[in-house]
Structure formats: structure tokens, C-alpha cells
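A closer look at the structure
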Amino acid sequence: MTGRLTIAGLGPGGEGLVTPEVTAALADATDVVGYIPYVSRVADRVGLTKHASDNRVEIDRSNHALTLTAEGRRVVVVSSGDPGVFAMASAVFEALEDGPETWRDLEINVLPGVSAMFAAAARAGAPLGHDFCAINLSDNLKPWTLIEKRLRLAVEADFACAFYNPRSKARPEGFLRVLEVLAQSCEPERLITFARAVSTSEEVLTTVPLIEAKPEMADMRTLVILGSSRTRLIERAGQQPIVYTPRSVPE
Ligand code: SAH
């Protein structure tokens, strides 16, 4: 049997946001590898072995997936959202680069998924409709000083920003510091959207002016979108407001 490695994004949680090609790859797999909550989203079936591992072991998990593939298995490594956005695709390629030369002959495909920023932006309206950037606020893999520098420069360049991993139990003070940095650089009425558990039954969306933002509005299931200076809100009676960024900036 010829092995094949597929690195797939499961989307933000809702069944309807899993792409048909990811569904097909999972149906054809012999092994699914990933972080425990993501592997549990894949239905059990005869002939499918699930390998669920804890957080922060991405390289071990990648080596395991590549080893299984080299043995001839059809392996799917799963991430939430898109596998190339703060997720497993880069981890697998780090392991591939450092691994045995023979791994480079393996067939490897990356299948995109709906990233949390796109699911959240769609629910809010179109806050990422003009130029934007995505920043991972976790300081697991980079120093806090770099996060702070990028926050300041992104705001200075007037990008809308999608923030991943805003707040963990391990470092709840991190997001307070983020809000402090933003408050120094943005006007108080700048719009900020907290999109929690988008596309699941626990979804909650809240948009407030920056001055009303509190650290506890975010947790690790929240995607935060900071508007640019041009992002605006359309009120609608009895309905959620629409948050959007116009396409143009005048000369
Ligand atoms: N690869 C994923 C991101 C993984 S990092 C993607 O493309 O979406 C994990 C972070 O993604 C979480 O801390 C949260 O900020 C965000 N996230 C993932 N699923 C989400 C959802 N359903 N709703 C809101 N944010 C989500």
C-alpha cells in the first residue's frame, strides 16, 4: 500500500463548514492524527484508527504521522479551521525538514478549511473587507515583545486585525496587556468584536467600542476582530448590528 499524508482543516466547528474534499479524505483514511478535541470531531468507523494527543506536542504528533505514512498508511492530520493558520501544516513541514531524507518522497497534500477569522467575520458582517492582518496572541512560540511590536505596527498601518488565541487560563494577564497596548494606539470608539465558538451551538458575538472591552470577554474559544479606523457599525432594530469595513480609503 502506498502511503499518503493529508493535512486537513475541519473548519470552526459547524458540520456545514467542513469542505467536501476534507470529508472525502477522512472517509478514505486509515488513521487520523491530531489534538484530542479535533480528533473527537471525526466519526468512528471500522478501519479507522484515531491517534489523539494533547496540546503542545505538535512535533511528536507530526513525526508520528510521517512515520505512519512511510509505513504505507493513509493518514489525515486534522486541525481546526484552516491547517495553515496557526496549526498543524507548518508543524508537519518542520518535522519533514528535520526528518529522514526518505520522507521527502511521500505524497503530502494540504486541504484548506474555513479559518475562524473568516467564520467570525462572516457572522459579524464584513470587518475584514479591506486590508487586514492575523496575529496569534499566544506567546508559546514567540516572545511577548514581538507580539507587542506587531500589535503597535499593525494598528499604526491601520489594518483591521484578527486575533487568535487571545487568552488562556495559563496567562490570563496577556490579553489585558493587549487591550492596554491597543488603548494607547487607537481611539476609544474603535470597534472590537468578540466572536466565541462561531458556528457551534454556543456561538456568541459581541461588538463594543474598544473603551468598553474587558479581558474576560475573550477566552481560548474566542476570535477577536479589531476594526480599522474606518470600520463601522450598522444598527438594525431587533437584529444584530452589521460590522463592516468599506472597501476603499480615499486619497
Ligand atoms: N487553525 C485554526 C486556528 C487554531 S488556533 C483556524 O484556522 O481557525 C485556535 C484559536 O482559533 C482559538 O484560540 C480561537 O482564537 C480561534 N478559534 C478556533 N475555532 C473558533 C471558533 N469556532 N470560534 C471562534 N474562534 C475560534
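Residues numbered from 1 in each chain as written. Predicted model: local features only at pLDDT ≥ 70, side-chain atom pairs only at ≥ 80, totals over all residues. Heavy atoms only, no water.

1. A word on the domain arrangement of the protein
- Segmentation of the protein into domains returns domain 1 (4-114) and domain 2 (117-244).
- Placing a centre on the C-alpha atoms of domain 1 and another on those of domain 2 gives a separation of 28 Å.
- If you look at the interface, domain 1 gives 8 residues, while domain 2 gives 10 residues.
- Both faces combined, the contact of domain 1 with domain 2 buries some 680 Å², and carbon together with sulfur accounts for 68% of it.
- Among the residues domain 1 hides against domain 2, the three largest losses belong to Pro12, Arg56 and Phe86. Together they make up 59% of the total.
- At the surface where domain 1 touches domain 2, the tally comes to 0 salt bridges.
- Our count for the contact surface shared by domain 1 and domain 2 stands at 2 residue pairs in polar contact (both at pLDDT 80 or more).
- For the side of domain 1 that touches domain 2, the per-class residue count stands at 5 nonpolar, 2 polar and 1 charged. (Domains from an automatic or database assignment. Contact = heavy atoms within 4.5 Å. Buried area = accessible area lost by both parts, 1.4 Å probe. Salt bridge = Lys/Arg side-chain N within 4 Å of Asp/Glu carboxyl O. Polar contact = N/O pair within 3.5 Å; in protein donor to acceptor, adjacent residues only side chain to side chain. Nonpolar A, V, L, I, M, F, W, Y, C, P; charged D, E, K, R; others polar.)

2. A closer look at the site of the ligand
- Taken together, 19 residues lie around the ligand, and Val85, Ser115, Ala116, Met220 and Thr222 are the ones closest in.
- In this structure, alanine 197 approaches the ligand through a main-chain N or O atom, which is 3.4 Å from a nitrogen atom.
- Threonine 222 places a main-chain nitrogen or oxygen 2.7 Å from an oxygen atom of the ligand.
- Isolated, the ligand exposes 540 Å² of accessible area, and the fraction of that covered by the protein chains is 92%. (Near = heavy atom within 4 Å. Areas by Shrake-Rupley, 256 points an atom, 1.4 Å probe, with all protein chains shown as cover.)

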